[in-house]
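# Examination of the molecular architecture
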Amino acid sequence: MENKITKFLAHEKRVAVMCLDTTALVEEIRKIHDLTPTTTAVLGRVATVSSMMAHLNLKETSDNLTIQIKGNGPIGTIVSICELEDLRTATIKVYADENKLELPLKENGKIDVGGAVGNYGFLNVIRQNDITNAKYNGIIPLVSGEIAEDFTEFFAKSEQKPTALALGVLVDKNGVKRAGGYIINPLPDATEEDITKIEQAIANSKPISTMLDENLSLEEIAKIVTGDENIEVLKENLQVKYKCNCSKDKFERGIRSLGKDEIQTILEEDGKIDTECNFCHKKYHFSKEELEFLIGDCPIC
Ligand SMILES: [Zn+2]
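Everything numeric here is computed off the predicted structure, so don't read it as measured data.

## Details of the nonpolar core
Membership of the largest hydrophobic core comes to 70 residues, with the highest contact counts inside it found for Val17, Val42, Leu43, Val46 and Tyr182. At nine residues, helix H2 (residues 37-57) tops the list of elements feeding residues into this core. Sequence-distant contacts of valine 42, defined by excluding residues within four places in its chain, comprise Ile75, Ile78, Ala96, Val113, Ala116 and Val117. Counting residues in each nonpolar core, the second largest holds five residues, with Ile255, Ile263, Ile273 and Phe286 among its members.

This is the structure:
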């Protein structure tokens, strides 16, 4: 199964819409981190909104997007990093501190995403260009930890944009059944009438994961949530894929940054360092000889 991402224009080009089916991506993330249903729902929503923002905000392959969510809930810190492989394909890697967390369902039968993330803390979005070093940094306090509400607030506060945003992850005993989302941005010439129509359309629509589960196409979903039968496709076949570009060199730089004294202490106590990548769980081993070489060779130690 492939992920599907399509951009549309609605209400005679006055409203921009993006719809995403990230079922394949979220199932891959579940497998990589061996997630529980609770953490699948949390990381699935974060990965879906990250994919959305990557396709909204990243313009060049040297751009990258980091999202950090730190709430007072038991899942701890969540981090996602997106880049562009080419103008159609975003890459993502994501992790949370506690992959094994599992909470009881809420009274309405839904997974307790807000309970896992917490409603006290912050959401931080950093966009950066590796070549120009241009940097955007937006931070807001969390609203509910339910992710979609927090990002809606982020767009309203940091980007001064009225935005409707929905995220959903449906999990069953076999894994991720459906995952996806949509985002609706009224453009500057959108009318009050357009916005009222959209608000009514969203209020009358089913959750995004239900619509995907009923096998509605992204185009059908875009029509339903905008209340416009005459939407047009702006860009289709956009993609997102999981990619971790960690390497032993990167971990070596991390070890060097500990400084000579710290490495010396580790050498005396353990005689080695075993590390693991948070994003893909690849393991890196540094032997006694390698650490001794690092100390001798290190320009900053
Ligand atoms: Zn990795």
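The discussion continues.
## Section: the domain arrangement of the protein chain
Segmentation of the protein chain into domains returns domain 1 (4-242) and domain 2 (248-297). Put simply, the middle of domain 1 and the middle of domain 2, counted by C-alpha atoms, are 36 Å apart. In this complex, domain 1 contributes four residues to the contact, which on the side of domain 2 involves four residues. Here the side of domain 1 that touches domain 2 gets three residues from one element, more than from any other, and that element is strand E5 (residues 89-96). Partitioned by chemical class, the residues of the side of domain 1 that touches domain 2 number three nonpolar, no polar and one charged.

## Quick word on the pairing of strand E2 (residues 15-21)
Of all the seven residues making up E2, six are buried; the element is thus mostly covered by neighbouring parts of the structure. Where strand E1 (residues 4-10) and E2 come together, seven bridges link them in antiparallel fashion. Looking at the pairing, alanine 10 lines up with valine 15 of E2. Counting the residues that bridge the hairpin from E1 to E2 gives four residues, and of these histidine 11 lies at a positive phi of roughly 45°.

Reading guide: rules and limits
Residues numbered from 1 in each chain as written. Predicted model: local features only at pLDDT ≥ 70, side-chain atom pairs only at ≥ 80, totals over all residues. Core = buried A, V, L, I, M, F, W, Y, C linked by C-beta atoms within 7 Å. Buried ≥ 20, exposed ≤ 12 C-beta atoms within 10 Å, placed from the backbone. Helix = DSSP H or I, 4+ residues; strand = E, 2+ residues; numbered from the N terminus. Contact = placed C-beta atoms within 7 Å. Domains from an automatic or database assignment. Nonpolar A, V, L, I, M, F, W, Y, C, P; charged D, E, K, R; others polar. Pairing = 2+ DSSP bridges.

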